[in-house]
Amino acid sequence: MSGLQSLRLVRVSAVSGRRILAARVISFIAALAVGAVVLAACGFDPLHLGTQILKKSLGSRFGLEDLGLLLTPLILTGLAVTVMMKIGLWNIGADGQFYIGAFAATAIGLFVKGPEPAMLVLCFIAGAAGGALWILVPTLARAYGKVDEIITTLLLNFVALLLVYYVATGPWRDRTTGTVASTGRVPYEMPDFFGSLHWGFVIALIAPVLFGLLLRYTKWGYEIRLTGANPEAAHYAGIPVRRRMITIMLLSGAIAGLAGMLEVTGTVHRLQGGISNNYGYLGVMVAVLARGSPVGVIAGAALMAIILNAGIILQTQGLTTAAVLALTGLIMMFTAVADQFAHYRLVRALPVPAASAAAG
Amino acid sequence: MIDFKNMDRRRFMGLAGMTAASSLILPQFGRPAFGATPLAAVKEEDAVIGFGHVGPISDEGWTWSHHQGLEAVKAAFPKAKYLEVENVPFSADCTRIYRQMVSDGANMIISTSNYGDLIYEVSDRATDVAFMECDGHRKADNLSYYYIQHWFPTYVAGVAAGLLSKTGKLGYVASFPVPAVFCGTNAFLMGARTVNPEATLQTVVINSWFDPQGAKQAGTALIDNGCDFLFGIMDEAAYLQVAQERGVWAAMWNTDIRRYGPDAYVTSIVLDWNQYYVDQVRKRLAGEWTGGEGTLLPMGKGIDRDAWGAKVPADVAAKADAVRDRILNDGFNPFVGEIKDVDGNVRVTAGETMTPEALYTWDWSIEGVSGLKV
């Protein structure tokens, strides 16, 4: 038996990281190639644009500062989603938790007076607590009522956005400088260490590493991993599954809330409706790119940050927003397709195909 | 979904209940005045001019009008390089975009909407770049703001509305409870009341500057409530179409969009930034541009009423234009006390004239306006 008839596509459930990486590199290049053709057809010089992006995002101080500022919230929201993926749950509400973290930090910053370091610690705690509080109801609903956390976390995003708009344009609106649609300036600021890049970036880098270590080297981490892999088995092994689930979900919310706190005290300095900049939703993409690896979140966020930054550079080079969105979407779509393709391989049809498939 | 992301746009003139006067005298860096020294001249062929817009230039409204200004500048200074970014968000991305323009060598950056700190973050660190913020409130050596005195043509349109409305019930499709809306509704009703003292104005807030469906529903609801004249502050023509279908009058904003409702169209508060932008860029290139300016373009020089609609009777147009002539030629200012707010409190005392700054930052409704109180 030979020839095409004997070949067939087989889905493989477990794929090596190297295979995924290869598929992604290929897809990324393919997306860029398609984008280049479209750009060339529109009268742009793709090579020139490509050089500009590299030069301006990675080759200049401005570009590096911007990357760091983008990475900070992206790593944290990506981590927030990843943390919950560890027990097989989806946190689609990182955007809302981000808003409430920013809201809580702003509340402390505007209405409590104290020495700056102590106040920053207080804002930090408030931000994390705010995020955790925002996911509390979905957590309890999930833990005790098996209510789908995807829906509850997602819908609370809109509530959080409305709340922030209400305070930013209503009771907390800026009365001294008349700045648009935002609260007054929060007087406590995360110190900068590289141009406008603040220490929140370092916190964002430490967080995934810390979580990765906890997961790998502690009993708690082992129990989480077991719960995620097989909740039934974990239950019979005597692991308090419900309690672990609650801890993980609150931790996830706290991390997203922390991202909001750092955005307020480090980057924007005021609470306003646009503050989340969709970081919560982008966090889901980062988590998907990271494929459940806490440290992989940093790489996923870096790719996302470069893509977003490239989008801004392309806009100043004369591309319309729509074209930039389309290009970004193209890269994300190719990546998603590549992840799926990596699961398939071409095998010779054998009497028992599963055996050869499992070998992959 | 409610379009909240767009609320933070240019007409969102610092919701704060402050007066521009207080921000004008706000001590900044402990210095009494700004813009003492002009920024150094730039050769036209070396110049890079950046424009950032809140919306898409295809909106046929606000952003389109600023894009026309950019085209006029291009025609005047064809050798300069131009950067133009649409849909600048009200987030840290705004800072990134303007910073990118600076790193692209921009000598002048014109933000056609207000972004506050998100701009100052860049302007404070790029002191050799001229920044202009439409509807802004802060000044610095390299930062000026500008806006239009929209209340005058709005008042003129109000006079026409008072004459045309039979029910005396006027409707207003509002975006957000912001000063441009407070001032617009108040000026419109004040104009109408000069000819019909019983006139009232109902407002529906739709939480967006661009939401044709929402504007259509709001317009329909207002007409169902007895309004026979619609006004508003939208970037599209949806409520004009409703007015056309229902046989009532409508006045619009930004540009001449009468083709969407030729019978209903009364006028529009039309924008023209061309001359102002050309002047500013010329000054920048010549080394004459100074920061620290707060310019409110007067009626006739950047903002005006549009040519009257085809169905507007000649005597109505003539009466409204007589008021316009008084404002243009005699310096007539109709915004004089006594003016009471919706709760009946006297906010402008008898004989007191509202300053351009007070009009620019108006954040309360006059008696007779409903639906806006915050």
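Coordinates for the structure precede this section.
Conventions adopted
Residues numbered from 1 in each chain as written. Chains lettered and ligands numbered in written order. Predicted model: local features only at pLDDT ≥ 70, side-chain atom pairs only at ≥ 80, totals over all residues. Helix = DSSP H or I, 4+ residues; strand = E, 2+ residues; numbered from the N terminus. Rg over C-alpha atoms; globule rule 2.2 N^0.38 Å. Buried ≥ 20, exposed ≤ 12 C-beta atoms within 10 Å, placed from the backbone. Contact = placed C-beta atoms within 7 Å. Expected span 1.5 Å × (residues − 1). Arc of directions from axis to C-beta. Pairing = 2+ DSSP bridges.

Novice: Explanation requested: the overall build of chain A in the structure shown.
Specialist: Each helix and strand counted, chain A has 15 helices and 4 strands in total. Taken against the 2.2 N^0.38 rule, which gives 21 Å for 360 residues, the C-alpha radius of gyration of chain A at 23 Å falls within 12% of a compact globule. The principal-axis extent of the C-alpha atoms belonging to chain A is close to 80 × 65 × 35 Å. Counting across all 360 residues of chain A, residues that qualify as buried make up 47%. Sequence separation of 24 or more characterises 77% of the internal contacts of chain A that already satisfy a separation of 6 or more.

Novice: Got a minute to help me understand helix H2 (residues 46-57) of chain A in this structure?
Specialist: An α-helical segment advances 3.6 residues per turn. Residues three or four places apart therefore align on the same side. Counted at 1.5 Å a residue, the expected span for H2(A) with its 12 residues is 16 Å, and the 16 Å between its end C-alpha atoms agrees. By the burial criterion, the buried members of H2(A) are Leu49(A), Ile53(A), Lys56(A) and Ser57(A). Projected onto a plane normal to the axis of H2(A), the buried residues spread over an arc of 85° and lie on a single side. For H2(A), the exposed residues set more than 90 degrees away from the buried face come down to Leu47(A), His48(A), Thr51(A) and Lys55(A). Tucked inside the fold, the buried residues of H2(A) contact helix H1 (17-41), helix H3 (61-85) and helix H13 (296-316) of chain A together with helix H3 (92-103) of chain B.

Novice: Honestly, the pairing of strand S5 (residues 143-148) of chain B in this entry has me stumped. Any pointers?
Specialist: Two faces, one strand: in a regular strand the side chains alternate between the faces of the sheet. Residue and element names in this part refer to chain B. Counting buried residues in S5 gives 6 out of 6 residues, a clear majority hidden from the surface. Burial along S5 is two-sided: Leu 143, Tyr 145 and Tyr 147 and Ser 144, Tyr 146 and Ile 148, pointing in opposite directions, are all buried. Bridge count between strand S4 (residues 130-134) and S5: 4 bridges; the pairing is parallel. Bridging from a neighbouring strand, Met 132 pairs with Ser 144 of S5.

Novice: Is there a simple way to explain the pairing of strand S10 (residues 265-271) of chain B in this structure?
Specialist: All names here are of chain B. Counting buried positions over the 7 residues of S10 gives 6, a clear majority of the element. In the sheet, strand S9 (residues 249-254) pairs with S10 via 5 bridges, with the strands oriented parallel. Considered in S10, the bridge of Ala 251 is made with Thr 267. Looking at chain direction, S10 and strand S12 (residues 303-305) are connected through 3 bridges and run antiparallel. Note that in S12 the partner of Val 270 across the bridge is Asp 304.

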